[in-house]
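The lines below spell out each chain.
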Amino acid sequence: MSSYVDEIIEQVIKQNPSEPEFHQAVREVLESIRVVIEANEEKFRRDALLERLVNPERQIKFRVPWIDDNGDVHVNTGYRVQFNSAIGPYKGGLRLHPSVNLGIIKFLGFEQIFKNSLTGLPIGGGKGGSDFDPKGKSDREVMRFCQAFMTELCKYIGADTDVPAGDIGTGGREIGYMFGQYKKIRGLFEGVLTGKGLTYGGSLARTEATGYGLLYIVEELFKSHGADIAGKTVVVSGAGNVAIYAIQKAQQLGAKVVTCSDSTGWVYDPEGIDVAALKQIKEVDRARLTEYKKYRPNSEYHEGRGVWAVKCDIALPCATQNELDVEDAVLLVENGVTAVCEGANMPTTEEATKYLQNNGVWFIPGKAANAGGVATSALEMSQNSERLSWTFEEVDAKLKNIMVNLYHNIDDAAKKYGFEGNYVVGANIAGFEKVLDAMNAQGIV
Ligand SMILES: NC(=O)C1=CN([C@@H]2O[C@H](COP(=O)(O)OP(=O)(O)OC[C@H]3O[C@@H](n4cnc5c(N)ncnc54)[C@H](O)[C@@H]3O)[C@@H](O)[C@H]2O)C=CC1
Ligand SMILES: O=C(O)CCC(=O)C(=O)O
């Protein structure tokens, strides 16, 4: 008889064709927790535990009609996948990008279950988004899209049921428009979204949280190996929310970040990325990285991709899924990389992950390394519930504490099951154990 884990992986592929990213995410988690499942396989099989784990509790797909500045009507597709509420209300971002489809949202929602569990906070897993592209749209067009999107989504979310947030293409501007529409239709001023503006219930440090959290875990990783990130050379991909604040914190901690990238090209700045210039280009002007040279004449701009060919000690992929493949991993290893820690969700392919691990690179997967964002969203929910706002220092200190504990939690789980140093296995097992306990306690639901 084939193992329960193998059967479920096969079933997921068969029942969800054309969703390769979802297959990839499920395969990675189930392979990691195989040791836990096989220790008690008969019970788990009888409870259909894995079938319940890999099937979302609910998935919503809806039409989003909106009107552009010329009066023409466009129709996009909206999604919200409410994957698992065993440990708390569904929590996870909304992605606005032309590549969005159900499989992408399912992979992200599945990852979110274990990530949210690892934060130690009471949040379940969910994710949503649309194939709408905010790039090149006017503010009014983005507003009309966000209003149309929320007109439907508002029926399924709430401060105690499902709390969306930002992700690729969804930043403070989009969250503001969505919050306004939710309040107007539902008549509720509540913490239904996180990543809100500071004047209407947002948390200090949420903007910085994913990037800062990434560096806090990298710092702890190095510390626990008797090393220091000060003086190290860092390569970052992406130039969005996660990348910008990862670069900022890395530099505050004494490292030098020499690259960043967007979907058309990448920058190499041998003197270290100028964060103020990057923020102006990406957060204010919403422009391309081609602009960077105007601020830093000694930097280089290259079309296409290429950051992983730059020699570094630490590589932080912070753009999107499967952006670091095995050829990139080979280059990183040849150039002597020490650590690869994922700021984005699943940016490293399965083959590249194995190659890095087999070559002694310290590899921390996204569900652990980028958990600081959602953790701080949960802190925003807490502040909204008590109708208070904490200081930046208070939130930042809690974030740091969460990331340090998270590192030791995944490190200990890996050791406990005989996989010392394998943070992929450690993160998946540690995240799964809490969800498993809650699912068992709540019966077959
Ligand atoms: N914003 C957050 O709090 C969190 C974000 N993440 C993940 O981090 C990653 C980046 O998200 P954000 O920085 O929030 O998004 P963002 O929209 O602020 O920035 C995304 C960046 O990635 C680049 N990018 C997007 N698609 C690309 C593609 N197909 N090829 C090359 N570059 C591409 C964009 O040009 C941009 O620089 C995503 O994987 C997201 O799921 C993970 C945890 C929390
Ligand atoms: O802050 C949140 O709720 C979600 C952040 C997110 O989308 C992620 O962790 O991938």
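Residues numbered from 1 in each chain as written. Chains lettered and ligands numbered in written order. Predicted model: local features only at pLDDT ≥ 70, side-chain atom pairs only at ≥ 80, totals over all residues.

## So, the overall build of the protein
And step 1. A count of helices and strands for the protein gives 17 helices and 13 strands.
And step 2. Over its C-alpha trace the protein gives a radius of gyration of 21 Å, about what one expects of a compact globule, namely 22 Å for 445 residues.
And step 3. Taking the principal axes of the C-alpha coordinates as reference, the protein spans close to 65 × 55 × 45 Å.
And step 4. Going through the 445 residues of the protein one by one, you find that 51% of them count as buried.
And step 5. A sequence separation of at least 24 residues applies to 74% of the contacts in the protein between residues at least 6 apart. (Helix = DSSP H or I, 4+ residues; strand = E, 2+ residues; numbered from the N terminus. Rg over C-alpha atoms; globule rule 2.2 N^0.38 Å. Buried ≥ 20, exposed ≤ 12 C-beta atoms within 10 Å, placed from the backbone. Contact = placed C-beta atoms within 7 Å.)

## Some thoughts on the UniProt feature "binding site: NAD(+)" (unreviewed entry) in the protein
And step 1. Taking the UniProt record as the reference, the feature "binding site: NAD(+)" (unreviewed entry) is found at Thr210 and Asn241. A stretch of 32 residues holds the annotated residues, and the largest C-alpha distance among them is 8.0 Å, short enough that they meet in one place.
And step 2. Judged by the 31 C-beta atoms lying within 10 Å of it, Thr210 is buried.
And step 3. The residues touching Thr210, leaving out its near neighbours within four places in the chain, are Asn241, Val242, Tyr245, Gly343, Asn370, Gly372 and Gly373.
And step 4. Looking at where Asn241 falls in the secondary structure, it is placed in helix H9 (residues 241–252).
And step 5. Apart from the residues lying within four places of it in its own chain, the contact partners of Asn241 are Gly166, Gly171, Thr207 and Thr210. (UniProt positions renumbered as here; feature names shortened; annotations may be inferred.)

## Quick word on the sheet that holds strand E1 (residues 58–67)
And step 1. Here we have 5 strands laid out as an open sheet, ordered E1-E2-E4-E3-E5, and mixed in their pairing. Pairing within the sheet leaves two strands with one partner each, and these edge strands are E1 and strand E5 (162–165). Averaged over all pairs of adjacent strands, the angle between their axes in this sheet comes to 20°, without regard to strand direction.
And step 2. Both E1 and strand E2 (residues 73–84) contribute to a ladder of 10 bridges, which runs antiparallel. Across the sheet, the residue bridging to Phe62 is Gly78, located in E2. (Pairing = 2+ DSSP bridges. Axes fitted to C-alpha atoms, helices over the stretch in contact; angles between N-to-C directions.)

## A closer look at the nonpolar core
And step 1. Residues Ile217, Val218, Val236, Ala246 and Ala368 are the most contacted members of the largest nonpolar core, which totals 135 residues.
And step 2. Apart from residues lying up to four places away in sequence, Ala368 is in contact with Leu118, Ile217, Leu406, Ile410, Tyr423 and Ala427. (Core = buried A, V, L, I, M, F, W, Y, C linked by C-beta atoms within 7 Å.)

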